[in-house]
Amino acid sequence: QDELQESGGGLVQSGGSLTLSCITSGSTISLYTMGWFRQTPGKEREFVASISASGDTIIYADSVKGRFTISRDKTRNIGYLQMNHLTPDDTAVYFCNAGVTTSAAPTRFTHLRPWGQGTQVAVSS
């Protein structure tokens with residue numbers, strides 16, 4: 001069974017940067033779109049960014065566009081989310097996952113793997 005483990009979160013000041021990592025295991029993860037999501041208490045998990053299996057298609061939520069960069073190393077089955085110019089609104093638990101998206105709904109994932117524990121990002125003002 002595919003598994004995902006996020007790391008790299010922490011406490012930073014507004015304007016700072018963090019790089020999150022998503023270590024994956026399983027033989028099929030590399031075949032699927034990888035996505036990053038985040039969740040704050042009392043709110044639904046929201047889409048942050050995604051990268052296709054080939055790496056050719058990358059999509060960002062409007063709230064992070066121009067500040068975050070998603071990438072993946074398929075040879076090592078690791079995904080990354082480089083986050084720059086962080087603001088307190090970016091405070092959340094960040095999760096990675098892999099699944100299927102469509103061109104008609106590129107931010108809606110199906111066939112997701114079991115969620116990991118996530119990594120906490122806290123941005124102070």
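Small disclaimer: the values here were computed from a predicted structure and weren't measured. (Residues numbered from 1 in each chain as written. Predicted model: local features only at pLDDT ≥ 70, side-chain atom pairs only at ≥ 80, totals over all residues. Heavy atoms only, no water.)

Draft legend 1. A look at the sheet that holds strand β1 (residues 3-7). In spatial order, the strands read β1-β3-β8-β7; together these four strands make up an open sheet with antiparallel pairing. Sheet topology places β1 and β7 (68-73) at the edges, where each strand pairs with a single neighbour. Looking at each pair of strands side by side, their axes are set apart by 15° on average, direction ignored. The sheet contact formed by β1 and strand β3 (residues 18-25) spans five bridges and is antiparallel. Counterpart to Glu6 in the pairing with β3 is Cys22. (Pairing = 2+ DSSP bridges. Helix = DSSP H or I, 4+ residues; strand = E, 2+ residues; numbered from the N terminus. Axes fitted to C-alpha atoms, helices over the stretch in contact; angles between N-to-C directions.)

Draft legend 2. Representation of the state of the cysteines within the structure. For the coordinates displayed, the defined rule picks out one disulfide. Linked covalently through their sulfurs, Cys22 and Cys96 form a disulfide whose S-S length is 2.0 Å. Looking down the S-S bond of the Cys22 and Cys96 bridge, the torsion is 70°, so its handedness is right-handed. Placement of Cys22 in strand β3 and of Cys96 in strand β9 (residues 92-99) is noted, with a sequence separation of 74 residues between them. Under the relative-accessibility criterion, Cys22 is labelled buried at 0%. (Disulfide = S-S within 2.5 Å. Buried < 20%, exposed > 50% of the residue type's maximum accessible area, 1.4 Å probe, protein only.)

Draft legend 3. View of the packing of aromatic side chains. Scanning the entire structure with this criterion turns up five aromatic pairs. Ring geometry for Phe37 and Phe47: centres 6.2 Å apart, planes at 75°, overall edge-to-face. Taken together, the positions of Phe37 in strand β4 (residues 33-39) and Phe47 in strand β5 (residues 46-51) put the pair 10 residues apart, joining distant regions of the chain. Seen from their ring centres, Phe37 and Trp115 are 5.2 Å apart, and the 85° between their planes marks the pair as edge-to-face. A residue pair is termed long-range when its members are at least 10 positions apart, and Phe37 in strand β4 and Trp115 in the loop between β9 and β10 (119-124) qualify at 78 residues. Among the residues examined, Phe37 registers a relative accessible area of 7% and is labelled buried. Note on Trp115: relative accessible area 35%, which makes it partly exposed. Taken together, the aromatic side chains of Phe37, Phe47, Phe95, Phe109 and Trp115 make up a single cluster linked through ring pairs. The cationic tip of Arg45 hangs over the ring face of Phe95; the distance from NZ or CZ to the ring centre is 4.2 Å. Its end group placed over the ring of Trp115, Arg45 keeps NZ or CZ at 3.8 Å from the ring centre. (Phe/Tyr/Trp six-rings, centres within 6.5 Å; stacked < 30°, edge-to-face > 60°. Lys NZ or Arg CZ within 6 Å of the ring centre and 35° of its normal.)

Draft legend 4. Focus on the environment of Thr87. Following the sequence through the fold, Thr87 ends up in the loop between β8 (78-83) and β9. Residues Thr87 and Gly15, spaced 72 residues apart in sequence, show a C-alpha to C-alpha distance of 6.2 Å.

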